[in-house]
Amino acid sequence: MKILVINGSPKGDASNSLKLTKAFLEGMGDNDVREVTVSRLNLSPCKGCFCCWSKTPGKCVINDDMSRVIEDELWADIIIWSFPLYYFNVPGPLKNLIDRQLPMNLPFMTEREDGMGSGSHPSRYDMSGKRYILISTCGFYSAEKNYESVKSMFDYICGKGNYETIFCGQGELFRAPELKKRTDEYLDIVRKAGREYISTGISNETRSKLNELLYPKEVFEQMADASWGIDKETGNEVDKSLSFTRQMAALYNKGSYDGKDRVLEICYTDLGKTYQILLGKDGSKVFTAGSLPATTRIETPWEVWTSIARGEIRGDVALFKGMYKVTGDFSLMMNWDKYFSKTKEQQENEIDKSLTSKNKKPSMMTMLIPWITFWIAVSINANIGAIITLAVCACTPMVMARKELTVYDKISMAVVSLLSVLTLQNDMKIISIVAGYLAFGLMWLLSCFTREPLCAAYVKYDYNGEDALNNPIFMKTNYVLAVGWGILYILTAIWSWFLMRLNMIVLLQILNNAATWAMGIFTIWFVRWYPQHIALKGKR
Ligand SMILES: Cc1cc2nc3c(=O)[nH]c(=O)nc-3n(C[C@H](O)[C@H](O)[C@H](O)COP(=O)(O)O)c2cc1C
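Residues numbered from 1 in each chain as written. Predicted model: local features only at pLDDT ≥ 70, side-chain atom pairs only at ≥ 80, totals over all residues. Heavy atoms only, no water.

Asker: Even after reading the chapter, I still don't get the site of the ligand, so can you show me in this structure?
Answerer: Around the ligand lies a shell of 17 residues, among which S9, K11, S15, N16 and E172 are the nearest. Interatomic distance of 2.7 Å between a side-chain N/O atom of S17 and an oxygen atom of the ligand. Separating an oxygen atom of the ligand from a backbone N or O atom of F88 is a distance of 3.0 Å. Contact with the protein chains covers 79% of the free accessible surface of the ligand, which is 650 Å². (Near = heavy atom within 4 Å. Polar contact = N/O pair within 3.5 Å; in protein donor to acceptor, adjacent residues only side chain to side chain. Areas by Shrake-Rupley, 256 points an atom, 1.4 Å probe, with all protein chains shown as cover.)

Shown next, in the form of structure tokens:
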């Protein structure tokens, strides 16, 4: 396909609208594309002399770049008009270009087939096979009702219903790196629209996604007002850190309110500025006086915090490296995405996850059931216990059919089955029980040499799924715990060997139970304490 893009933004390549157009083109695949950047053209306004209709038919008296634009328009199969909305219409230079298309028409009066207006001038050229797309961003929160005069103009130019449109509000957000995650989601939908357009046409589903707001009206407007760095009431210039903090506060998702007001205090250590954001039922408010009792306090150099906001460094990685500190209630940090406007993608992922969670999430019980059965049943009666364990191992995949099986589940079932077979041999009870503890401990320890320590394979779903594996605090917590459980069970194997040979079974049971409980309590405490400890001190 031969595609002509007419970029009508006075900002040229820096145009927000052009970002959408480029995504659309990417979606359309490999095509022969020409681009006309109106701001770079030598283009005078139409003189209104009508020479192109009389003295020099089809040719303008002005000798500038317009003749090349007309050639390109005649060359193209598809013309994409890419422009910002200026005063509810196209920017002036683009309107100039539109006026200068007069040589493309014949002077005679005709009725339009679509009944538009009170007459028209037929086209000098056969434009019947051409397709048109309008791609535009505007500054208000929504494109709805803002494009009436644009649509009315293009109804005349292209014919009513003879062109596609992608109109997007909140256009200035496309140049904010802090919001890239959300704007990239939108660009993905535009890309999809491009793919569909070239094959079957833009689907209703994609169309309705294109019409969704980037952010809710009040979030966007609060953010937009704060972005100018001018106080809304006084009109005075405000400090960049206050303007930034207000924009951050605007992203607060009041749907996350759980009945408790929170005060997030943020101190930009190098700027010597501290602000408090009250996160309440009705939204957020930024205070400069610092009179509220802080629930959570962040101490950060300005550059670190803004780099995190721009997505140049992960917040959890920076925290782990001690680049900033957090004191007070750490749950706000753990649930940051929930409090500060989760992106659409995250929300949808979460819905998908909860819908299919029964099928997708693994359960640590799948891994533990064979081991627990083995240790209890075999210590009561070696042969019957071994047979029961074999049966349990065989049934576990069926019983846990709605859970995903991890590699540790499979290893556990295989090893426990082997140990049960070993137990069925004469005089192998003690050896197999001890070997079981040893194998269990080794499985935990060896998992630390992989990308996913044993416990992480199960709990990562509570911490953003696969993304948790990039979170150094999460990973370190899990490595420490996996080592802890591994060492515990290797020690258990050693003392079990001696106590069983000395026939001190009661002491053994007390010791094993106490050790497991102690490690369980340590685990619960450690997963709470360790992230807070990192937040407070940074990495030592
Ligand atoms: C002179 C001027 C007039 C504008 N008029 C409107 C308008 O009427 N409605 C609107 O929603 N946005 C308006 N805007 C905002 C732009 O449409 C918005 O910033 C757009 O995303 C810019 O796109 P671009 O980067 O492709 O040029 C106006 C901007 C300027 C500079």
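Asker: It is not clear to me how the domain arrangement of the protein should be interpreted in this structure. Could you clarify?
Answerer: How big an interface is tends to be stated in terms of accessible area lost as the parts join. The domains assigned to the protein are domain 1 (2–214), domain 2 (218–339) and domain 3 (358–537). Taking only C-alpha atoms into account, the centre of domain 1 sits 63 Å from that of domain 3. (Domains from an automatic or database assignment.)

Asker: Before we go on, may I ask you to explain the sheet that holds strand β5 (residues 163–168) in this structure?
Answerer: What holds strands together in a sheet is hydrogen bonding between their backbones, with the strands either parallel or antiparallel. Across the sheet, 5 strands lie side by side as β2-β1-β3-β4-β5; this open sheet has parallel pairing. In this open sheet, the two edge strands, each paired with only one partner strand, are β2 (32–37) and β5. For this sheet the average axis-to-axis angle between neighbouring strands, irrespective of direction, equals 15°. Lying over the sheet, helix α1 (residues 16–28) contacts β1 (2–7), β2, β3 (78–84), β4 (131–137) and β5, oriented at roughly 155° with respect to β3. (Pairing = 2+ DSSP bridges. Helix = DSSP H or I, 4+ residues; strand = E, 2+ residues; numbered from the N terminus. Axes fitted to C-alpha atoms, helices over the stretch in contact; angles between N-to-C directions. Contact = heavy atoms within 4.5 Å.)

Asker: Looking at this structure, how should I read the pattern of salt bridges?
Answerer: Once the charged atoms of two side chains with opposite charge are near each other, the side chains can pair. With the rule as written, the count across this model stands at 30 salt bridges. The residue D188 makes a salt bridge to R191 at a minimum N-O spacing of 2.6 Å. Note that D188 and R191 are positioned in helix α5 (residues 180–199) at a spacing of 3 residues, about one turn of the helix. We note a salt bridge from R246 to D231, for which the minimum N-O separation is 3.7 Å. One end of the pair, R246, is in helix α8 (residues 240–250); the other, D231, is in the loop between α7 (217–227) and α8, and 15 residues separate them in sequence. Look at the salt bridges and you will find they share partners, linking D258, K260, R262 and D329 into a network. (Salt bridge = Lys/Arg side-chain N within 4 Å of Asp/Glu carboxyl O.)

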